[in-house]
Amino acid sequence: MSDDLPDEFEEAAQGAMPEFQPTNAPAKKFLVIDDKMEILWSMFESDLSEHIDIEFQMTNAAWDAMQIMEADGVPDVIMLDAFNLRDVYFGYNNACQIIEWLKENHPDRPLPDIIFSSGELDYSEDNATRLYATHGVVAGITCKNEFSRVEWGLDGRDPSHLSYSHTGTAIRKTLNVRCGLDLPLTNEGLKKKFYETMKSSGDFTLEMLESMVDAGEMTALEALQKVKPRLLQEIDNYIAGQKEPPVAFNAQPVDGFLEAVGNWSAGPAALSLTEADDFITKAEKPILVVNQFTPEIYPYLTKVAGVIVKSPELCGHAAIELGAWGVSALIGYGGGDLDNVKSGEPLALDTRFKGLYRTSIDKSRLDDFRYNQCPFYNSTESYYIYRWQQQLMQEYGIKDARQTYTIDSMQQVDDINFGHCGAGLVRSESLIKEDAEALRAVKEIILSNGGTADKNEFFRSVQENVQKLLSRGRDGKMLRYRLLDIPPSEIFSSQELDQIEKSYGDRNIRGVQMGLAVPALYETQIRAVFAAIQQIVQENIQFRADYPDATPNREQIEIFVPTVKTAEELEQIKIMVADIAAEYGLTKANYSFGTMVEMLGACDDIEDIAKLCDFISFGINDLTEAVLGVKRDDMLARIEAAQRSRQTKEPYQMIYPQVLEKMHETITRARVVKPEISIGVCGSGSSDVKSFVALHDLAVDSISMQPGDDNFTILPILAAFEMAEQYEKRKQKLETTPPAHNMP
C-alpha cells in the first residue's frame, strides 16, 4: 500500500474490498494500456495466443483507448499498466477517464472487466484501491509474471518456483470465466493439475519429475529410469556428432591416428615452424604438421588452427599437453599418407573420429561443430539429475566423490573458474614448459646438478604461477600442487640424455628420484611456492584491514610428491618442505602434505607412507602401466591388452579391474593406519563412466580430470544412470533372494 494514499481513501483501503468477479460472458477482445508494451510482450512470450482465440488491441493512453473503442467497439477486458516512471497511478488515472467516457458515451453497456497489472503487486493494489474508493469499481489485481503461470497452467508445466512469485490470480480468473478455461487459482491447485497432466500424457520433463520426487510421488531411481532414454539419445547425438560433416561429400578421410583432442578445425598445412610464422604474418591460422611434439611448439599453440603430430612416440603425453591448451590435434599416425602433404594444402581435422580430410572445408558450417555444446550444460536439468544421483548414493551408502579440475596450463586458469570445485592436480611441469626461460633454467639445474645454474627464472615462474592459483582459488576448495615430474625424454636431446644417464645412472630418472638426486631442483620450487604464499598472506593482512567483511584470497596449498616408491623418499621431501616453510614463517596452517600413489613400491609401503601424509592421490596412468605392464605410448600393446582382457576400451581410457583391485587393497590398508586420510584420484581413465562409478564404490574423496563439458556435465549424468541400473539390479536381487534359514 502506498504511503501517500490520500485520507479519503484510507477507509476503503483498510476495509475489505469486494472480491473481483469477471463478467460471465465470452471475451473476444482485450484492450491493453501500457506505455512500454511490457504487458503485451509478456502475453506474446507466454504464447497465450496458441491457447486462446482473442483479439488483442494495444494502446498507451486513455485518449488512444477511447479512439479505438469509438472505431472498433468496447472491449470485453481492459488491462492497464498500474505504474510508469512519470505517474505511480498511471493505470488508475487512465481507468478513471475510460470509465467516465464509457458512462457518457455507452451508458447502456456494462463496464468491461478491468485488471491492473504491474511488475510489483503493490502498485496494482494501490491503483485498484483508488478505483474502488472513487468509482465503486472492483478491478482485478495481478502482476506481469502471472502470464507465465497462466501458460504453465495450460501446458502442465512445473510449478515449483511459484511460491517465490506473487499470488495474483486475476488473469487466470478472468480467462476461466470469459474464455471457458479451467486454470487453477491456487498453487496447490496448479500442482494437482500438473501431476494429473503428467500422468495422463506420459510426456515428462525433468522439471515435472523433480516436482514429483519432491512431493514423494516418485523415487529418484524411478525418475532417472523415466528420463534415461531421451537424455541418453541427446548425449549420444552430442558425443557422436551425428551431423553431416562440413566437408565435400566425396572427400575421404585419412584414418589411423592414435590420439585426438579438441574439436573440428581447418587451415592450410604448415610443415615447419618457419612456415607457420609465414602464415601467421599473413593473419592466417595454419594446421602445423610436425614429426614430434617438442617444447619449441608451445609459443605457436595460440596462433595455429590445429596440430598434427606424426610420430606415435610420446603420443599420450602430447595429447595431455595439447588438450590442456584446447588445441585441436591428431597425434601418432602410423601410415605414409602424410609424407606427401604439401605446404599450404587445405586440411580439416575431424578430431571426434580421429580423421584428417585433405580438402577444403565449408567454414560457414564449421561453427556448428566447434561450438556444439553438450546437452544440459549449465542447465537446471543437470542439477536435477545430480540431486537424484546423490539421493541414490545416500540410499545405498555410496560416498560422493567430488569432481575437481586437472590444471595443465595457465591458460586453463584463465579460462575456467576452478575455484568452484577445486584443482585436484596442478601439473607444475606443464606450467614450466609454457615459460621458455623457466624451462631453460630447469634444464641447467638438472644438467649441472645445481652447480652454478641460474635458478632465478625458475623461482620467478613458480612464484607467479602459484600466486595466480591462490588468487583464483576459493577458501575451502582443493588446490593440490604437484612437484616437478618431467620425463627427461620430453625436454632433453639424445646427447643430453646420455649426460643424464652418466650423471645419475638412469636416463629416465624423474619425479622425486630426480628431486633427491638434484636437491636444488625441489628446494628452489618449494621456496618459490612458500614465497607466493607469504606474499598472499601479507596482502591479505592489508586486505582484511581495508575490507573486514570481504573474503581474502586463500593462503593454503596442498603440496604432493610424484613417483614415490618408499616412505624413506617421501620423508626426506617432507622434512625439506617443513624446513623451508619455517624459513618463510609459515606453518601447517598454510599447507598440507601428500603423495602420488602410482608406483607398486608405494602400494606395498602404503602403511608407512600414509602416516606421513595428510592425503594421497592415485595416479592411475602410471599405476596402470605398473600393474598391467602396458606403456601409455605403446598403442599396439594397449589394443592387445583390451582384446586380451575383453574390455570395451583400451587401458588409459578406463580403469581396468586389476588396477581397481590394487587401489582397493591399498586404500583399505591406508585407512587402517589413518582413517581420516583424504583419498584422491588423477588420470584419464576416471572419465570412463563405469570407472567413475567404481571410484565412488571405493569411497574416494575426489576425482581430478580435465576440464570440459564431457567430463564435468555429461559424465555425472551418465554415472547417475549407471548407478541407477546397478542399484536396481541389487534391489531386485535382494527381493528375489530367499531368506537364509538358521540351521538347528
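Residues numbered from 1 in each chain as written. Predicted model: local features only at pLDDT ≥ 70, side-chain atom pairs only at ≥ 80, totals over all residues. Heavy atoms only, no water.

**Remarks on the overall build of the protein**
Where we set the bar: Only DSSP runs of H or I covering at least 4 residues are called helices, and only runs of E covering at least 2 are called strands; the numbering of each starts at the N terminus. By definition in these notes, contact holds between two residues if any of their heavy atoms fall within 4.5 Å. Per-residue and other accessible areas follow the Shrake-Rupley method at a 1.4 Å probe size, with only the shown protein chains counted as cover for residues.
Regarding its fold elements, the protein presents 29 helices and 21 strands. Taking the contacts inside the protein whose residues are at least 6 apart along the sequence as the reference set, 69% of them involve residues at least 24 apart. Total accessible area on the protein is roughly 33600 Å²; 48% of this is exposed by carbon and sulfur atoms.

**Let's talk about the pairing of strand β18 (residues 591–597)**
Heads up, the condition is: Working definition: with a 1.4 Å probe on protein chains only, accessible area under 20% of the residue-type maximum means buried, over 50% means exposed, and in between means partly exposed. Whether two strands pair comes down to DSSP finding at least two bridges between them. Orient the strands so they point away from the viewer, and a crossover whose first-strand-to-second-strand path over the helix runs clockwise is right-handed.
Buried residues dominate β18, accounting for seven of its seven residues. With five bridges joining them, strand β17 (residues 557–561) and β18 adopt parallel strand pairing. Bridged to glutamate 558 within β18 is serine 592. Note that the unit made of β17, helix α22 (residues 567–583) and β18 has a crossover that is right-handed. Direction of pairing for β18 relative to strand β19 (residues 615–619): parallel, over a ladder of four bridges. Its bridge partner being in β19, glycine 594 is matched across the sheet by phenylalanine 615.

**Description of the packing of helix α17 (residues 436–448) against helix α18 (residues 456–472)**
The test is simple: Think of each axis as a best-fit line through the C-alpha atoms, taken over the contacting stretch in the case of a helix, with angles from 0 to 180 degrees between the N-to-C directions. If an angle is under 35 degrees, it is roughly parallel; if it is over 145, roughly antiparallel; if it lies from 65 to 115, roughly perpendicular; otherwise it is oblique. In this scheme, a crossing is called left-handed if the near helix is turned counterclockwise away from the far one by less than a right angle; it is called right-handed if the turn is clockwise. Basically, the charged four are Asp, Glu, Lys and Arg, the nonpolar ten are Ala, Val, Leu, Ile, Met, Phe, Trp, Tyr, Cys and Pro, and anything else, Gly included, counts as polar.
Between α17 and α18, the least distance of the axes is 7 Å, while the angle of their chain directions is 130°. By the criterion of interaxial angle, the relationship of α17 to α18 is oblique. The chirality of how α17 crosses α18 is left-handed. Residue-level inspection shows Glu437, Ala438, Arg440, Ala441, Val442 and Ile445 of α17 in contact with α18, the latter providing Glu457, Phe458, Arg460 and Ser461. The class makeup of the residues in the contact of α17 with α18 is five nonpolar, one polar and four charged.

**Here's the deal with the pairing of strand β8 (residues 265–270)**
Most of β8 is tucked away: six of the six residues are buried. Here four bridges tie β8 to strand β12 (residues 346–350), and the two strands are oriented antiparallel to one another. Following the sheet pairing, alanine 266 is matched in β12 by alanine 348. Bridge count between β8 and strand β9 (residues 287–290): two bridges; the pairing is parallel. Of the residues in β9, the one forming a bridge with alanine 270 is leucine 288. Handedness of the crossover is the feature at issue here: the chain leaves β8, passes through helix α11 (residues 273–281), returns alongside β9, and the resulting connection is right-handed.

**A short note on the packing of aromatic side chains**
Under the convention used in this document: Stacked, tilted and edge-to-face are the three classes applied to pairs of Phe, Tyr and Trp rings, where Trp contributes its six-membered ring and a pair requires centres within 6.5 Å; stacked means planes under 30 degrees apart, edge-to-face means over 60, and tilted covers the rest. Should the NZ of a Lys or the CZ of an Arg lie within 6 Å of a ring centre and within 35 degrees of the ring normal, that charge is described as sitting over the ring.
Counted according to the given criterion, the structure contains six aromatic pairs. Ring centres of phenylalanine 530 and tyrosine 591 lie 5.3 Å apart, and the angle between their planes is 70°; this geometry places the pair in the edge-to-face category. Of this pair, phenylalanine 530 sits in helix α21 (residues 519–546) while tyrosine 591 sits in strand β18, and the two are 61 residues apart along the sequence. Here the two residues phenylalanine 530 and tyrosine 591 agree in accessibility, since each one is buried. The interplanar angle of 65° and the centroid separation of 5.7 Å between the aromatic rings of phenylalanine 560 and phenylalanine 615 together place this pair among those described as edge-to-face. With phenylalanine 560 in strand β17 and phenylalanine 615 in strand β19, this pair connects stretches of sequence that are 55 residues apart. The burial state of phenylalanine 560 is the same as that of phenylalanine 615; both residues are buried. Positioned over the ring face of tyrosine 89 is arginine 130, at 3.6 Å from the centre of the ring. The ring centre of tyrosine 591 lies 5.5 Å from the NZ or CZ of lysine 588, which sits over that ring.

**Brief notes about the sheet that holds strand β2 (residues 55–59)**
Spatially, the five strands line up as an open sheet ordered β2-β1-β3-β4-β5, and their pairing is parallel. The strands lining the two open edges of the sheet, one partner per strand, are β2 and β5 (140–143). Averaged over all adjacent pairs, the angle separating strand axes in this sheet is 25°, with direction ignored. Direction of pairing for strand β4 (residues 113–118) relative to β5: parallel, over a ladder of four bridges.

**Regarding the pattern of salt bridges**
Put simply, the rule reads: What makes a salt bridge here is a side-chain nitrogen of Lys or Arg within 4 Å of a carboxyl oxygen of Asp or Glu, nothing more.
Evaluation of the coordinates by the stated rule reveals 28 salt bridges. Here aspartate 688 makes a salt bridge to lysine 649, at a shortest N to O gap of 2.8 Å. Residue aspartate 688 is found in the loop between β20 (678–682) and α28 (689–697), and its partner lysine 649 is found in the loop between α26 (635–645) and α27 (657–673); the two are separated by 39 residues along the sequence.

**As for α27**
The line we're drawing: Here, expected helix span is obtained from the residue count minus one, scaled by 1.5 Å.
The end-to-end C-alpha distance of α27, which contains 17 residues, comes to 25 Å, matching closely the 24 Å that a straight helix rising 1.5 Å per residue would cover. Along α27, the residues classified as buried are Val659, Leu660, Lys662, Met663, Thr666, Ile667, Arg669 and Ala670.

**What to know about the sheet that holds β18**
Strands sit in the order β14-β15-β16-β17-β18-β19-β20-β21 around a closed barrel of eight strands; the barrel is parallel. Mean inter-strand twist for the sheet, computed between neighbouring axes without regard to direction, equals 25°. Direction of pairing for strand β16 (residues 479–482) relative to β17: parallel, over a ladder of three bridges. Within β17, the position partnered with arginine 480 by the bridge is glutamate 558. Running at roughly 165° to β16, α18 makes contact with β15 (423–427), β16 and β17 of the sheet. Contacts between helix α25 (residues 620–628) and the sheet are confined to β15, β19 and β20, with β19 contributing the most and set at about 60° to the helix.

**Some points on unusual backbone geometry**
The backbone of alanine 283 shows a phi angle near 65°, a positive value even though the residue is not glycine. Structurally, the position occupied by alanine 283 is in the loop between α11 and β9. On the accessibility criterion, alanine 283 (73% relative accessible area) is exposed. The phi dihedral of threonine 563 is positive, around 55°, even though this residue is not glycine. Classification of threonine 563 by relative accessible area gives buried; the value is 0%.

**With respect to the nonpolar core**
The tendency in soluble globular proteins is for nonpolar side chains to be buried side by side. For clarity, the cut-off: Nonpolar core, defined: a set of buried Ala, Val, Leu, Ile, Met, Phe, Trp, Tyr and Cys residues in which side-chain atoms within 4.5 Å join the residues together.
Within the largest apolar cluster, 126 residues are counted, with the highest numbers of intra-cluster contacts made by Trp388, Leu521, Phe530, Ile557, Phe618 and Met663. Ranked by residues supplied to this core, first place goes to α21 with 12 residues. In contact with isoleucine 557, not counting residues within four places along its chain, are Val466, Leu470, Leu479, Tyr481, Val529, Ile533, Asn590, Tyr591 and Ser592. Among the nonpolar cores identified, the runner-up in size contains 25 residues, and Met69, Tyr92, Ala95 and Ala128 belong to it.

**Examining the packing of α21 against α22**
Closest axis-to-axis distance for the α21/α22 pair is 9 Å, and the angle between their directions is 45°. Considering their axes alone, α21 and α22 lie oblique with respect to each other. Taken as a pair, α21 and α22 cross one another with a handedness that is right-handed. For the pair α21 and α22, contact is made by Tyr522, Glu523, Ile526, Arg527 and Phe530 and by Ile573, Met576, Val577, Ile580, Ala581 and Glu583, respectively. A class-by-class count of the residues in the contact of α21 with α22 yields eight nonpolar, no polar and three charged.

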